[in-house]
Each structure stands twice: as C-alpha cells, then as structure tokens.
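Topology and contacts: notes
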There are 2 protein chains.
Amino acid sequence: MPQKQLHLTAFMRPVSLHSGAWRYPGAYADANFNLAHLTSFIQKLESAKFDAFFMADHLAVMNMPIEALKRSHTITSFEPFTLLAALSAVTTKIGLAATASTTYEQPYHIARRFASLDHLSGGRAAWNIVTTGNPDSSKNFGQDEHMEHADRYKRAREFFDVVTGLWDSFADDAFIRDKESGIFFDPERMHTLNHKGDSLQVKGPLNIARPVQGWPVIVQAGQSEPGRQLAAETAEVVFCSPRDLAGSKALYADIKGRVRAAGRNPDHLKILPAAFVVVGDTAEDAQEKRLKLDSLVHYDTAIASLSVMLGTDARVFDPDQPIPENLPKTNASQTAQDGVVKLGKDEGLTVRQIAQRMGGYSGLAFVGTPEEIATEMQQWLDEEGADGFTVVFPFLPQGLDAVAEKLIPELQRRGLFRKDYEGATLREHLGLPRPGNQFFKESVL
Amino acid sequence: MPQKQLHLTAFMRPVSLHSGAWRYPGAYADANFNLAHLTSFIQKLESAKFDAFFMADHLAVMNMPIEALKRSHTITSFEPFTLLAALSAVTTKIGLAATASTTYEQPYHIARRFASLDHLSGGRAAWNIVTTGNPDSSKNFGQDEHMEHADRYKRAREFFDVVTGLWDSFADDAFIRDKESGIFFDPERMHTLNHKGDSLQVKGPLNIARPVQGWPVIVQAGQSEPGRQLAAETAEVVFCSPRDLAGSKALYADIKGRVRAAGRNPDHLKILPAAFVVVGDTAEDAQEKRLKLDSLVHYDTAIASLSVMLGTDARVFDPDQPIPENLPKTNASQTAQDGVVKLGKDEGLTVRQIAQRMGGYSGLAFVGTPEEIATEMQQWLDEEGADGFTVVFPFLPQGLDAVAEKLIPELQRRGLFRKDYEGATLREHLGLPRPGNQFFKESVL
Ligand SMILES: Cc1cc2nc3c(=O)[nH]c(=O)nc-3n(C[C@H](O)[C@H](O)[C@H](O)COP(=O)(O)O)c2cc1C
Ligand SMILES: Cc1cc2nc3c(=O)[nH]c(=O)nc-3n(C[C@H](O)[C@H](O)[C@H](O)COP(=O)(O)O)c2cc1C
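Residues numbered from 1 in each chain as written. Chains lettered and ligands numbered in written order. Predicted model: local features only at pLDDT ≥ 70, side-chain atom pairs only at ≥ 80, totals over all residues. Heavy atoms only, no water.

Quick look at the nonpolar core
Stated precisely, the cut-off is as follows: Here the nonpolar core consists of buried residues drawn from Ala, Val, Leu, Ile, Met, Phe, Trp, Tyr and Cys, with membership extended through side-chain atoms lying within 4.5 Å. Exposure categories follow from relative accessible area, calculated using a 1.4 Å probe and restricted to protein chains: below 20% of the type maximum is buried, above 50% is exposed, and the middle band is partly exposed. What makes two residues a contact is simply this: any of their non-hydrogen atoms within 4.5 Å.
Of all hydrophobic cores here, the largest spans 186 residues; its most connected members are Phe 50 of chain A together with Phe 50 of chain B. In this structure, Phe 50 of chain B is in contact with Leu 8, Thr 9, Ala 10, Leu 45, Ile 94, Val 391, Phe 393, Val 403, Ile 408, Phe 417, Arg 418 and Tyr 421 of chain B, ignoring residues within four places of it in sequence.

Focus on the relation of the copies chain B and chain A
Formally: To line up the copies, we fit them by least squares on C-alpha atoms, keeping just the residues with pLDDT of at least 70 in both.
Here chain B sits on chain A after a turn of 180° about the axis and a move of 0.0 Å along it, with an RMSD of 0.1 Å. What the superposition gives is, in effect, a two-fold axis relating one chain to the other. Residues of chain B ranked by C-alpha distance from the rotation axis are headed by Ala 86 of chain B, positioned 2.0 Å from it.

Quick notes on the packing of aromatic side chains
Aromatic ring pairs are reported here in terms of the distance separating the ring centres and the angle at which the planes meet. All names here are of chain A. Here is the rule we go by: Pairing of aromatic side chains here covers Phe, Tyr and the six-membered ring of Trp, requires ring centres within 6.5 Å, and sorts the geometry by plane angle: under 30 degrees stacked, over 60 edge-to-face, intermediate tilted. Where helices and strands are cited, they refer to DSSP runs of H or I of at least four residues and of E of at least two residues respectively, numbered from the N terminus. We count a charge as sitting over a ring when the NZ of a lysine or the CZ of an arginine lies within 6 Å of the ring centre and within 35 degrees of the ring normal.
Under the counting rule described, the total for this entry stands at 42 aromatic pairs over all chains. With a centroid separation of 6.0 Å and an interplanar angle of 85°, the aromatic rings of Phe 170 and Phe 185 are classed as edge-to-face. Of this pair, Phe 170 sits in the loop between helix H5 (149-167) and strand E5 (175-178) while Phe 185 sits in strand E6 (residues 183-185), placing them 15 residues apart in sequence. By relative accessible area, Phe 170 is classed as buried at 0%. Taken together, Phe 81, Phe 114, Trp 127, Phe 159 and Trp 167 form an aromatic cluster joined through their ring pairs. One residue, Arg 113, lies across the ring of Phe 81, its end atom 5.7 Å from the ring centre.

Describing the side chain of Arg 152 of chain B
We apply this condition: When charges are counted, Lys and Arg are positive and Asp and Glu negative, with His and the chain ends excluded. Just to be clear on terms, a salt bridge is a Lys or Arg side-chain nitrogen sitting within 4 Å of an Asp or Glu carboxyl oxygen.
Mapped onto the secondary structure, Arg 152 of chain B falls in helix H5 (residues 149-167). At 6.7 Å, Glu 148 of chain B is the nearest oppositely charged side chain to Arg 152 of chain B, a buried residue that forms no salt bridge.

Considering the site of ligand 1
Residues and elements named next belong to chain A. The following threshold applies: We call a residue near a given molecule or strand whenever any one of its heavy atoms falls within 4 Å of it. Polar contact is defined as a pair of N or O atoms within 3.5 Å, subject to the rule that within protein one atom must be able to donate a hydrogen and the other to accept it, and that residues adjacent in sequence are counted only when both atoms are side-chain atoms. Amino acids outside the nonpolar list (Ala, Val, Leu, Ile, Met, Phe, Trp, Tyr, Cys, Pro) and the charged list (Asp, Glu, Lys, Arg) are all regarded as polar, and Gly is one of them.
Ala 56, Asp 57, Tyr 153, Gln 223 and Ser 224 are the nearest of the 20 residues found near ligand 1. At 3.5 Å, a side-chain N or O of Thr 99 approaches an oxygen atom of ligand 1. Separating an oxygen atom of ligand 1 from a backbone N or O atom of Gly 133 is a distance of 3.2 Å. Breaking the shell around ligand 1 down by element, the ones donating at least two residues are strand E4 (125-130), H5 and strand E10 (237-240). Considered class by class, the residues forming the shell around ligand 1 number eight nonpolar, 11 polar and one charged.

Here we look at a negative patch on the surface
What counts is decided by this rule: By definition, no residue in a patch forms a salt bridge, and every one has over 30% relative accessible area; like charges are joined within 9 Å, nonpolar side chains (Val, Leu, Ile, Met, Phe, Trp, Tyr) within 5 Å. Shrake-Rupley sampling with a 1.4 Å probe provides the accessible areas, and residues are treated as covered by the protein chains on show and by no other component. Lysine's charge is taken at NZ, arginine's at CZ, aspartate's at CG and glutamate's at CD.
Residues Glu 284, Glu 288, Glu 371, Glu 372 and Glu 376 of chain A make up a contiguous surface patch of negative charge. Those elements that place two or more of their residues in the negative patch are helix H8 (283-294) and helix H12 (370-382) of chain A.

Shape is all these values report; function is a separate question.
Structure (structure tokens):
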C-alpha cells in the first residue's frame, strides 16, 4: 500500500495561539495585524505546499479579564473574508479557509461571500462552520443571551442546507452569454430554493454563479456530541484539539464511524488535530525555545490558568519549586489536575514554568528536531490518530520559517508530504470529490 | 480663484449599466464576472487617477420579468467586500467603495469589514450606505415584506451612529506592543460603545483597530426626502442621478443647503451625479456608437420600457416611424411622456430607437468628442451642478479605455483633473478631513 499522505493547514488567526508569542526576541510584535507580514507568511506556506491557510474568527474581543486581555495580541485582527480575498491575489495554489458563524450570520450573505471568494481564488475557499464559542458575541448582535448550545447546532445544520442549496442556484452551464441571440443565461438552469425551515426562511436564487469547487470545502471544529454529529453529516475537514495520540485515535474512530453511519465515505473527511510545532536543531534547542517562549507569559495570567487546571489556588506555592505533593482533591477536573502534575514531573518543571505553559499554549505539541517531529507525525498518521495537522506556530516569522524550511523537507524526504501541488483547487489538494449540483445533472461542459 | 477640480468615481457593478453592453462587438461578454478583466479595469482607472472604483450591490437577483432577466449581464456578480479586498492587493492608490445595506446587515459585521478593508488597502475604503431598493431582498433574509421606507431610513441613521461608534473603539495610539513590559494595548484607550437604541443594541468594542482614515468615506445614494436628509447629516459623497443640469443644480443646492443646516461644511460633501459617457473621435462617431449599443437591446424589453415611460402601449406603433403625434394623455407621469416625445424629435429617432434608449440606459449621458464632453463637465462643475461624476461606461473594455486615454488627458490639459494622486488615502483624493475619534483626544503619534 502506498504511504498515506499528510495534509497540513496553518492556523493563522491569531498567527500564534501562544500568548507570549509577540514578545519573543525577534518576533514581529504586530504579526497578526500587518498585511506585509501576513503576505510573506502565506507565500512561505505556499512554497512549503501547505494545503490551506486557516483563519479562525471571533465576533467580540476575547472574553478574558482585562489584565490578561491587555497582554493579548489577538485584540486587533483582520476580518477573514477581506483578508483572505486580499491574500488570494498574491498566491495561486494554497487553500483559504475562513471561519463564519451560523449563529450570528445570515445564510444568503455567507453563501455569497464564500462563492465570491471561491471564484476570486480559482477554487481555493473553505468554510469553517462554527456556532460561535464566545458568549459575549451575542451582545454585539442585539441579543442579551448567547443562543443555547442545542439550538445553535440545530440552526447550524439547517444553515448548512440553505447555504449549499443557494450555491446550487445555477447549473454550471447556465451562463450561455450568446451575443448573437442576446441570451445571457438559461432560466431553466436557475433554481429558486424557497427554503422554509424551523430557523430560516430563504427564497433565493443566489446572485452569483456556482462556486468553482461546486461547494467550498466544509470544515468543522466542534467536539461536543452535536458538534461531532454535524461534522459527520456535513464536514470534509475536522479541526480538533486532542491532548495525545490515544485521545485522538478515539476521536478519529468516533468521527469516521459516524461518517460511515451517515452513509458517507470516511476518506472524504480529513481529521486534522491542532498541533503546536516547535522545531529545533537539537531536542534541547527546541525545548529551550519553548521554555523561553513560555517565560514570556505574565505570571499573573499564568498562575490564574494553573489554578484553574489544578482546581486550587496556586498562588500560595513557591513559584521556583515543583508543584507540592498531595494536592487537595479537586471537584473541578481530576483528570486535568493529574495531567498537570504528571507534566511537571515528566519535564522537571517549576510551578512558574508549568503555570506559564498553561497560560501560553497547553494543547498538543510536537517539540524537537525535524526528524523527531516527522516520526511523531508519521505515527499519528499510520495509527489513525490523524490525517494530518492544523499547525500552530510558536512565534513568527522564525517558528514558521523553521517548519517550512526544516520540517517540511524532512516530511517530503519520507514521502509523507507532497513536493508540489498536483491539483489547482483546495478540494484537489485534500483529495475530496467535487459535489454534484443537487438540482441539476452534471454539466457536460 | 483656482479652477475647481473634478472628482471622478467609476461605476463598476455592473461594469456597464447599459443592458446591451455585453453584446457590443469586441466587448467582454463576461466583464462583470471575470477577475482578470476587473483587474485590468481597475489598473487602468488607477493610471487615469480616478478617485474611486465603486461597487453597487444588490441582495437578490434583479426584480425584472424573466424574459428581461435572462438577457441581463448582472445576474452573476462578485460580492463587493471580497472583490474589493482582492483588488486592493493589485492597486495602491485608487479608492474602493463598497455598497452595504443597513436594512439586511448587522452593524458589527459592517464596521469590522470596512475597518478591515480600510487597513488592508492603506486607507482607501468607502461605504455606500443603502437602505436597499429591491424589495425581493427581504425574502432572502427571512422577512416576507421589505421594511417600510421610513423605517428603513430610521434604522439607517441609527446604524450609521453604531458603525462610526464601533470604528472609534480604540484610540489611534492604543496599541503599545511593548515587548519589555508585555503590555499589548492600553485598556484606557479602548471604548465600549454600549449602544441601546430603537432599532439596534450593540455592546462593542470592535475587535479591530480604528480605520486608517479614522472612518472610511461615507457615501449615500438615496434621493427621497429622508435619503437627502441622511446624506446631509452623514455623507461625504453623494451619488445621484439627475436628468439634466437644471435638475442637478436644484438637487445640489438642496443637499448643500441641508449640509449647512446640519452644521457641516458643504465642501465636505461631494455631489457626483451618475453620467453615461460615450467618447467618440467625432460627434457623429460617438452618436453612432451609442445607437449601435442601443440597437443591441432586445425589442420586447425595449418596447416594454417605452410603454411604461409613455403611459400607453407602444407595441401598436410602427417601430420604424417616429412616435405618433397626439398621444393619449397619461395618468402615469406626463413629464416622462413629454420628455420622451421631445427626445425623439430632438434626435430624430424612430420608435424602436427610442424604445432601445429607454431599455438600455436612459439617464444623464455625455456623448461626444473628448473636447465636447470636457466642456460639458466643466460647465456642470462651474455652475454648481456637480463636484464631479460617477462615470458609467457604455461597454468594456473599449468605452473605459476611451475615457482613460482620451477624455482624462483632455480634462487634465484644462486643469480640471489631477495629473497624479497627491495623497495616499481616498479622503485625501477627495479633499475630506480625517474625522477625530469621538471618545478620545487626537493621537499625538
Ligand atoms: C482548531 C480549532 C479552531 C477553532 N476555531 C474557532 C473559531 O474560529 N471560532 C469559534 O468561535 N470557535 C472555534 N473553535 C471552537 C469550536 O468551533 C467549538 O466551539 C469548540 O470546539 C466547542 O465545541 P462544541 O461547541 O461542539 O462543544 C475552534 C476549535 C478548534 C479545535
Ligand atoms: C449612482 C447610484 C448608485 C446606487 N447604488 C445602489 C446600490 O448599490 N444598491 C441599492 O440597493 N441601491 C442603490 N441605489 C439606489 C439608492 O440607494 C436609493 O435606493 C434610490 O436612489 C432610491 O432612493 P430613496 O430610497 O431615498 O427613495 C443607487 C442610486 C444611485 C443614483
């Protein structure tokens, strides 16, 4: 059997999820909000043959205490559609994934905007469907309370049907443009949706041609029960955040099983866990970079995060000693407490260092030489823990450069990652079929 | 007194408003929906030093009978924000004006998207505030009926206050990004709007820095009583569609008077009537081009338009003869009927030709040599009928090329139009001040 191939997308809003990233020596402090930097990042990612550049999105400033917020480089960011459209003009192959909320948007707008981005980019758009995590968003949209979780997912499922229905408003061959007869398009090849559902009523048709990819690639990142079910029914890429390989294998098996149960081909949904990747020349060099980065997290923020994880006030501990033995049992998450204690022992970290890890980036991380990281990634791929990764960079530009210039060549050497794009569209990069039009037979064009 | 200067924006959605444009010999049939063409158009407009590229917008397919719709090149168009963001990456100076509806949008989204476009383009964004003309739009947004005219304008006025309030969420100097102290921004320089009004409730702050221009340039195109009043209170550019110089002078005086009454400087609102410009090598050449173009309007559509204008069924007339004398009095608009009869006499047109004029583009037109058109434009400028024009092209690329290569040099020769951009932002091109932040003193940066 030929070696399975990794798919890699780059998590780019914010450009680093690590809260100390902007302070790293030599890092661009404004990397998240500087078009010239973002242009250079996407061009490097494209030359490294990444599948896609991924913009998360939030509809309010982050819901954190002002003492933490004022240290956060996420406070000002570009809006995804405008940024990705601008970046589409300076790239030719890399996919462009935008997050858009089904809770605080209208399907007609969303369908139009993704169709437009897909046309402008020659078939490179993807929609990360979110129901919006940050409850503060509601107050920016005239609603006192964030919609209930179950209602959000119910609306999301219907929203997906409406958007895909609108994308199918025109057959691919509807636009005749016959100067002689004066007929611009064939009205028989236009479909009016007339959707009347529980949450949404949308007439259509959309005022833009069917997207180049038929439908932009559908991405989903929810992990709750209804989140997984939505993914199984609709998604072609899943972003997720498992802690370790065992957890990811369980999630992978669960979601692929649901896809099968929904009557879909499990190869047509790619599971790409978020992975924080710190590449070093040696294992020690990589560890040092990470510790240096963690040390840039403000202690107040850090210790608050650690206290939450431990379920006890960690400010009373000596910051320069290990976590004391015999912590009080917590009625928060015992798994979380045990995990943190184990982390401290395994890496020999002080309270301060663990706190800064928790306040920096506490998710799945690959820290090591290109060879070590490539070996880990291959294991995840081979053991069905992942179909690839959503790469989170530690700091930029250096952390991104190291991935592009050191890790990618190692993955390519091992036959785990493409040396060049083989197709033109994001669907082609991901090995996904182009969906047929639900209202019209395949175009013969 | 130095010669007043014209301001010119290009009406680019659709790229021609004339319904026969796409059929013109040599014209791009897909000009309205082809990124390569649109890129070449905006680059030509920028080398001709146009103030701005203007995208009208509609939230439904055009509300016309299917027999006319199927002949319309407007059926598929790019969405304005994505297109303008992409075009911002291939231009450096020209303004980018997007239409956005206050009736079917949310102010938080609109504020964010314009702020993002303004940052991405280095201060070139403008917002054409519309309340949305096409009543079919409501059905694409879950509403059976289009909101009442008065309610639409009431909401629009409040919407403007919310959007501008959100743009002012951060002082210009809020972003400290001090790596040493770890402070990214100064919370004292962030304002939470907490708007609670009749139509809208929006908390804020916006999650993006204040636009480069402070506020993107505000444009308005409504001409009803509340439309004019909204313009007087908020707009910095007015797009309008007067029939002739006398009508435009009246509108100009009315709007500038309202601006004064609102306590604003009338020089800070520019009135730019839409003008269809057909440039020829001779007057006859220009007229021939126009007649050729009109002849491409389908007779059924044309005669239906003429019947409406005359208030009587024009299908009974001989298409190849002049309009008969002694038409029945109409209880539609007698002014419209008289105007059409006069046009037929003045230009010696047949019923078919008049019908095709009405079904093609019946608004204000400048048709002639570069010298003739420059003289007319200067008269409008000098007699306070206009501060410039929103140029509508007859067909593309040729009609746009003729304006850029023949008319613009003539205007420049006469000292009526800039030879080069003097500023960097659209506000600077238009001679408009940068608004101060309503919540913070001017930045000292
Ligand atoms: C890699 C990744 C990216 C995400 N991006 C966003 C985002 O951009 N906006 C957002 O509101 N939520 C985002 N989420 C959160 C999910 O959409 C979802 O709200 C969260 O995982 C909770 O899942 P649940 O609502 O199904 O319980 C992201 C999650 C992951 C793992
Ligand atoms: C040059 C010009 C451009 C316009 N562009 C748009 C547009 O993009 N979208 C829209 O809904 N209406 C557009 N309109 C229509 C106006 O916004 C407005 O609806 C119309 O002039 C009727 O005015 P009233 O609603 O104030 O009576 C435009 C009008 C003019 C003169």
